[in-house]
Structures are given as C-alpha cells and as structure tokens.
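Take a look at the letters that make up each chain.
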Amino acid sequence: MQTEVPDLSSPATVIEPDTARPGLEDGVALCLSGGGYRAMLFHLGALWRLNEAGYLPSIKRISSVSGGSISAGVLGLNWSKLAFDANGVGRRFESAVVPPIRSMAGRTIDLPAIIGGALLPGPISERLVAAYRRHLFGESTLQDLPDDPPRFVINATNVQSGALWRFMKPYMRDYRVGEVRNPRIELAVAVAASSAFPPVLSPLGLRLRASDFSPPGPGEDLHMEPYTTDVVLTDGGVYDNLGLETAWKRYITILVSDGGSGMRAEPDPSYDWARHALRVYDLVDNQVRSLRKRQVVDSLKTGKRKGAYWGIGSDIANYQLPDSLPCPVEKTSALARIATRLKKLDSGLQERLINWGYAVCDAALRRHLNPKLPAPARFPYPAQAFIRLPFSS
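Everything in this summary refers to the structure shown in the same document. These numbers come from a predicted model, not from an experiment.

### Description of the layout of surface pockets
Unfilled space is identified by rolling a water-sized probe across the atoms. Taken as a whole, the second largest pocket holds about 390 Å³ of empty space. The wall of the second largest pocket is formed by 16 residues, among which Val297, Lys301, Tyr309, Tyr319 and His368 lie closest to the centre. Where the lining of the second largest pocket is concerned, the elements lending two or more residues are helix H9 (273-301), strand E12 (306-311) and helix H11 (347-368). Counted by class, the lining of the second largest pocket contains 5 nonpolar, 5 polar and 6 charged residues.

So, in structure tokens, the structure goes:
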C-alpha cells in the first residue's frame, strides 16, 4: 500500500511515488475551490481577470472541486473557442464562457433534484447530472476537454477508499483503486460527482467494468471488485476543499481562488438530523479550509512557493495597492455569507460576485505575482460597482 509522508507545513498530503519526482515543475497551476453558485461566480470573475492579464494560456493545470468544477468545466469545454491573441488574451472569453455560467446561476437545481430524488426512483445525483447535461454540457465527455496544457482536473471524493477521485482527459484514477485511461465519462457526471454536496446531493455512483482499469500498479491495494465496478463518490470538497492536492505536489507557482464562505456563529443550532448534519459538515469544512489556507499563505510568504491566494472573505485593503478597485469590506463580506447552494441568484447579485472575484484576483496578482501588471480601469459590470449602489443580498 502507498503510504503518506506527513508534512505539517504543507496543505496537501504527499503520496510516496510523488516524492520520486526530481523536484517541482516550473509552471502555474490554478485551484478553484468549492462553494456552490457563490464560488462559481466568484471564480468566473477571477478567470475574467486572469484572461485579461494574459495568464490563461500559461496555466498548466486547473484543479477544481464542487462549485469551482462548474466554472472549470465550462471553461474547459469552451477552451477551443477562446481565440487567444499574441498577448495570451482570449478575445471570445466573454461570449464563450460568461453566458453559460450566468445562465446556470439563474436556475435553482439543488432543490428540484432533492424533491425529485425523494418522489421518484433513482438517486438524487441523477437529477443533478441531468441538470448539468441539459443546461451546460450536453453529451460532452472528458474527451472533449482540451489537450494539455492546461490539464483540467475535476476532483471528487471516493467514499469507499477515502481518497481523491480525479477526472481528467488522459485518465481518471484513485491512487488506491487504480486508473482508467482515456475515460468516456460525461462531463456532466464528473462535475456532478465533484459538486455532490453531502448529505442532500450525495452520493453519485459510477458503474464501471473491472476490465476498464489498467493493470494494477504498486500500492493499489483496492484494485478489486467492488471498488473497480461500483464506485461511490461525493463532493470533492469533502477531501480537498480548495482543490489543492493535484496542483501543490507538482508545480512551483500556485494560484488559489477561494470562494468558500467563512463560518458564522449559530446561537440556536437545529436538532433534526438533516440540518444538524449540514451544520456539522460546515464545521469540519471550515476547520480544514482554514488550516489549508494558513499553510498556503505561509508557504507563499516564506518563499517556499510562488503564487497568490485570494478569497471571497478577503479584505482588498490588505493587499495594500493604492489603485485597487474600490471594494468596501462591509459589502464584500456580505457576498461571502451567501449560502452554499445551487440556487438561483438575481442578476445584480451575480454581477457583484463576478466583480468581486475580478477585483480581488487583480489585487492578489499585482501584489504577489506581477507588480508590473497594469491596473484595470473598471469592473466587468460597472453598473454594479460597490461604491455606486447600496448593497443588498
């Protein structure tokens, strides 16, 4: 069995075969966290700024979980349409990527999936897959993602093995169960597995054949049925709520976009099992996310890694840029408190989330990665600039 070598300064565990690599690779990896539609739109704003700055073509890996996987899936499926110019700017980003994500944010899909799952045969996750298929991905599969680079890695959690299940174009794998080369899994299925938020949208089952897997390699102690035939998956954020694992162990420069909300005190928590389970899940997620965040930021500050971190709960003033876009913390903090749901958000709220992801990504890039990057002149949606309109959620 592969053993994990603990490193208390690292936000990602290191699996033994990874240590055989001769150091980290040059290159940039982007991590997109979970957080429902809130994170999906926040990441869209960050991707918007990364595109304007000419960074997208230089990214070697985009690793995502949960709500981040919705944004990543749309970006990956439309990568060939972006029409990058000589400066690395995708001239069609706004027409190819923005509309489908915003259209999705205008639909509630979690509650209908839950109700349908309660009233109709079959698991709730099948309704989630159907919604993604209908509104975003059609019949596209992992083979419709672009060839490297970048490599898109959509992460779910294997309930059986307790490890990360990674969906990507060249293969999907769990380091204990094994690897399936060139998987034809639908993109809608991969994103649904990554965003199968427990306990209400989880689990998602994959029916495979043992013969789909490559011959077992060292340490694949679960390379046997039913692990290779009936795979049970849940939200990728259960294992890795920042999407760090597959990026941190390989690349020198790490960009982390964190759309996860901070946890608030609750004076009268519910006693019924469903709401109590959600509250306990939030507690666990908050603690793990906070630990990973501290370790990432410390690694960047001490020079162990290059890159930048920005979060939906950040205060843009902390980046100490005199020309950052105006984002009063009392207004951006309210955005961080939007519930982690796949629930319809009105147009104005969508635009404020996108504006905030764009602005704080810009501040992080110019403060920590490229001080020579020109400041943006305006928000993607100037009419929703924080200084012009009263905020309401």
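Next comes the rest of the account.
### With respect to the pairing of strand E3 (residues 25-32)
Burial analysis of E3 places 6 of its 8 residues in the buried class, which makes it a mostly covered element. Inspection of the sheet shows E3 paired to strand E11 (residues 251-258) by 6 bridges, in the parallel sense. Its bridge partner lying in E11, Leu30 is registered against Leu255. Read from E3 through helix H1 (residues 36-52) to strand E4 (residues 59-65), the crossover connection turns out right-handed.

### Here's the deal with the nonpolar core
Phe93, Tyr132, Trp165, Phe167, Leu206, Trp310 and Trp356 are the most contacted members of the largest nonpolar core, which totals 96 residues. The dominant element in this core, judged by the number of residues it contributes, is H11, at 11 residues. With sequence-adjacent residues up to four places away left out, Phe93 is seen in contact with Leu44, Leu47, Trp48, Asn51, Leu56, Leu75, Leu82 and Val98. Formed by 12 residues, the second largest nonpolar core is a distinct cluster that contains Ala29, Leu242, Tyr251 and Val256.

### Regarding the packing of helix H2 (residues 67-77) against helix H6 (residues 124-137)
The geometry of H2 relative to H6 is characterised by a closest axis approach of 12 Å and an angle of 45 degrees between their N-to-C directions. When the axes of H2 and H6 are compared, the pair comes out oblique. Note that H2 runs across H6; the crossing there is right-handed. On the side of H2, the interface is formed by Ile70, Gly73, Val74 and Leu77, while H6 contributes Tyr132, Leu136 and Phe137.

### Description of the packing of aromatic side chains
Under the definition given, this model contains 7 aromatic pairs. Ring geometry for Trp79 and Phe84: centres 5.2 Å apart, planes at 55 degrees, overall tilted. Trp79 gets classed as buried once you look at its relative accessible area, which sits at 12%. What links up through ring pairs into an aromatic cluster is the set Trp48, Phe93 and Tyr381.

### As for the packing of H1 against H11
Angle between the axes and distance between the axes: these two values describe a pair of packed helices. Contact pair H1 / H11: the axes reach a minimum separation of 7 Å and the direction vectors enclose 50 degrees. Of the possible angle classes, the one that applies to H1 and H11 is oblique. With respect to the hand of their crossing, H1 and H11 are arranged in right-handed fashion. Judged by residue contacts, Arg38, Leu41, Phe42, Leu44, Gly45, Ala46, Trp48, Arg49, Leu50 and Glu52 of H1 engage Gln350, Leu353, Ile354, Trp356, Gly357, Tyr358, Val360, Cys361, Asp362 and Leu365 from H11.

### Re the pattern of salt bridges
The final tally for this structure, using the stated rule, is 18 salt bridges. Residue Glu245 pairs with Lys249 through a salt bridge whose shortest N-O separation is 3.5 Å. Owing to a relative accessible area of 12%, Lys249 belongs among the buried residues under this scheme. Across the pair Arg366 and Asp323 runs a salt bridge whose closest N-O atoms are separated by 3.0 Å. Residue Arg366 is located in helix H11, and its partner Asp323 is located in the loop between E12 and helix H10 (329-336); the two are separated by 43 residues in the primary sequence. By relative accessible area, which is 5% here, Arg366 ends up buried. On the accessibility criterion, Asp323 (40% relative accessible area) is partly exposed. Among the charged side chains, a network of salt bridges with common partners joins Arg49, Glu52, Asp323, Asp362 and Arg366.

### A few points about the side chain of Lys169
Within the secondary structure, Lys169 sits in the loop between strand E6 (164-167) and strand E7 (171-174). Here Asp147 takes part through its side chain, which lies 2.7 Å from a polar atom of the side chain of Lys169.

Criteria and cut-off values
- Residues numbered from 1 in each chain as written.
- Predicted model: local features only at pLDDT ≥ 70, side-chain atom pairs only at ≥ 80, totals over all residues.
- Heavy atoms only, no water.
- 1 Å grid on protein atoms, 1.4 Å probe; cavity = no way out; pocket = protein on both sides within 12 Å on 5 of 7 lines; lining within 4 Å.
- Points joined across faces, edges and corners; volume = space filled by probe spheres on them.
- Helix = DSSP H or I, 4+ residues; strand = E, 2+ residues; numbered from the N terminus.
- Nonpolar A, V, L, I, M, F, W, Y, C, P; charged D, E, K, R; others polar.
- Buried < 20%, exposed > 50% of the residue type's maximum accessible area, 1.4 Å probe, protein only.
- Pairing = 2+ DSSP bridges.
- Right-handed = clockwise from strand over helix to strand, strands pointing away.
- Core = buried A, V, L, I, M, F, W, Y, C linked by side-chain atoms within 4.5 Å.
- Contact = heavy atoms within 4.5 Å.
- Axes fitted to C-alpha atoms, helices over the stretch in contact; angles between N-to-C directions.
- Parallel < 35°, antiparallel > 145°, perpendicular 65-115°, else oblique.
- Left-handed = near helix turned anticlockwise from the far one by under 90°.
- Phe/Tyr/Trp six-rings, centres within 6.5 Å; stacked < 30°, edge-to-face > 60°.
- Salt bridge = Lys/Arg side-chain N within 4 Å of Asp/Glu carboxyl O.
- Polar contact = N/O pair within 3.5 Å; in protein donor to acceptor, adjacent residues only side chain to side chain.

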